[in-house]
Amino acid sequence: ELMWNDSSPENGFSPNQRGPDVKSFGPDVTLKFLKENDLSLVVRSHDVRHEGYEVEHDNRLVTVFSAPAYCGMANKAAFLRFAAKDMVDGTAVKDDNIFQFEARPLMTAKKVAVLRRRVRAFDKKHGVQR
């Protein structure tokens, strides 16, 4: 239910404006899911976020949306890149793990180069081999 429904700041499950088969879930639902499955973080998608991502529910839920300018909207897109040590020590979501980008017509060669440098720097810092 967490993956295909939408997050909410309100506890529990509640109706959702997207239709009768879609619900909203709150921080208590996220926490219960994490405890029952011995996890510390849920990363999900399928839900547009203006900045391309959003960290919610006491940093235990991250929604990532990778389609910039979705259906003509002005949203950015994002992707996350984690290093194994970040997953172990519970610091998975940090600024240098989040890569935001805009729709391609707005992505100049300079912006693409900056994004590539950030990914390479992340890889080098965390010993990621390609």
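Going by the structure above, here's the rest.
Rules behind the numbers
Position numbers for residues start from 1 in each chain and track the written sequence from start to end. pLDDT decides what is reported in this predicted model: residues at 70 or higher carry local features, side-chain atom pairs at 80 or more are listed and counted, and totals for whole chains, interfaces and linings draw on all residues regardless. Note: side-chain values were computed over all heavy atoms of the structure, leaving out hydrogens and water. Any two rings among Phe, Tyr and Trp, with Trp reduced to its six-membered ring, count as a pair given centres within 6.5 Å; such a pair is stacked if its planes are under 30 degrees apart, edge-to-face if over 60, and tilted if neither. Helix and strand assignments follow DSSP, with helices taken as H or I runs no shorter than four residues and strands as E runs no shorter than two, numbered in order from the N terminus. Using a 1.4 Å probe on the protein chains alone, a residue whose accessible area is under 20% of its type maximum counts as buried, one over 50% counts as exposed, and one in between counts as partly exposed. What the arc covers is the set of directions going from the helix axis to the C-beta atoms. Here a residue-residue contact requires only that any non-hydrogen atoms of the pair lie within 4.5 Å. What goes into a patch is any residue over 30% in relative accessible area without a salt bridge, connected to like charges within 9 Å or, for nonpolar side chains (Val, Leu, Ile, Met, Phe, Trp, Tyr), within 5 Å. Residue-level accessible areas treat just the shown protein chains as cover; the underlying method is Shrake-Rupley with a 1.4 Å probe. Only one rule defines a salt bridge in this text: a Lys or Arg side-chain nitrogen within 4 Å of an Asp or Glu carboxyl oxygen. Think of it this way: Lys and Arg go in the positive column, Asp and Glu in the negative one, and His and the chain ends go nowhere. For the purpose of locating charges, the reference atoms are NZ of Lys, CZ of Arg, CG of Asp and CD of Glu. Only when DSSP finds a minimum of two bridges between them are two strands counted as paired. The axes are straight lines fitted to the C-alpha atoms, using for helices just the contacting stretch, and the angles between their N-to-C directions are given from 0 to 180°. Residue types Ala, Val, Leu, Ile, Met, Phe, Trp, Tyr and Cys, when buried and joined through side-chain atoms within 4.5 Å, form a set referred to as a nonpolar core. Under this definition, polar contacts are N or O atom pairs within 3.5 Å; protein pairs additionally need one hydrogen-donor-capable and one acceptor-capable atom, and for neighbouring residues in sequence, both atoms have to be side-chain atoms.

Asker: If you had to explain the packing of aromatic side chains to someone new, which residues and values would you point to?
Answerer: Using the criterion set out here, one finds four aromatic pairs in the structure. Each ring, one from F79 and one from F99, has its centre 4.9 Å from the other, and the planes form 10 degrees; the classification is stacked. With F79 in strand 7 (residues 77-80) and F99 in strand 8 (residues 98-101), this residue pair connects regions lying 20 residues apart in the sequence. Members of the aromatic cluster, connected to one another through ring pairs, are F79, F99, F101 and F122.

Asker: Provide a residue-level description of helix 1 (residues 27-36), including the pertinent values.
Answerer: Turning to helix 1, its buried residues are V29, T30 and L34. Along the long axis of helix 1, the arc covered by the buried residues comes to 130 degrees, so they all point the same way. Those residues of helix 1 that are exposed and angled more than 90 degrees off the buried face are K32, K35 and E36. Lining the buried residues of helix 1 we find strand 2 (13-16), strand 3 (19-25), strand 4 (42-44) and strand 6 (61-64). Phi for D38, located one or two positions after helix 1, is positive at around 50 degrees.

Asker: So what's going on with the environment of E10? Residues and values would help.
Answerer: Turning to its location among the elements, E10 is positioned in the loop between strand 1 (6-7) and strand 2. Judged by relative accessible area, which is 55%, E10 ranks as exposed. Here the alpha-carbon distance between E10 and S40, two residues 30 residues apart in the chain, equals 20 Å. In this structure, E10 is in contact with F25, G26 and P27, ignoring residues within four places of it in sequence.

Asker: So what's going on with a positive patch on the surface? Which residues, and what values?
Answerer: Together, K110, R116, R117 and R120 line one region of the surface with positive charge. Relative to the helices and strands, K110 is located in helix 3 (residues 109-126). You can call K110 exposed: its relative accessible area is 67%.

Asker: Explain the sheet that holds strand 5 (residues 53-56) to me, using residue names and the numbers behind them.
Answerer: An order of 4-6-5 is seen for the three strands of this open sheet, with the pairing classed as mixed. The open sheet terminates on both sides in strands that have one partner only, identified here as strand 4 and strand 5. For this sheet, the mean inter-axis angle between neighbouring strands, taken without regard to orientation, is 15 degrees. Where strand 5 meets strand 6, four bridges bridge the pair, whose relative direction is antiparallel. Each bridged residue has a counterpart across the sheet, and for E54 the counterpart in strand 6 is T63.

Asker: Which residues make up the nonpolar core, and what are the values?
Answerer: Within the largest apolar cluster, seven residues are counted, these being A77, A83, F99, F101, L115, V119 and F122. Of all the secondary-structure elements, those providing two or more residues to this core are strand 8 and helix 3. If we skip the residues at most four places from it in the chain, A83 touches N97, F122 and H126.

Asker: Report on the side chain of T63, specifying residues and quantitative values.
Answerer: Within the secondary structure layout, T63 lies in strand 6. Judged by relative accessible area, which is 0%, T63 ranks as buried. In this structure the side chain of T63 is engaged in a polar contact, spanning 2.9 Å, whose partner is the side chain of R44.

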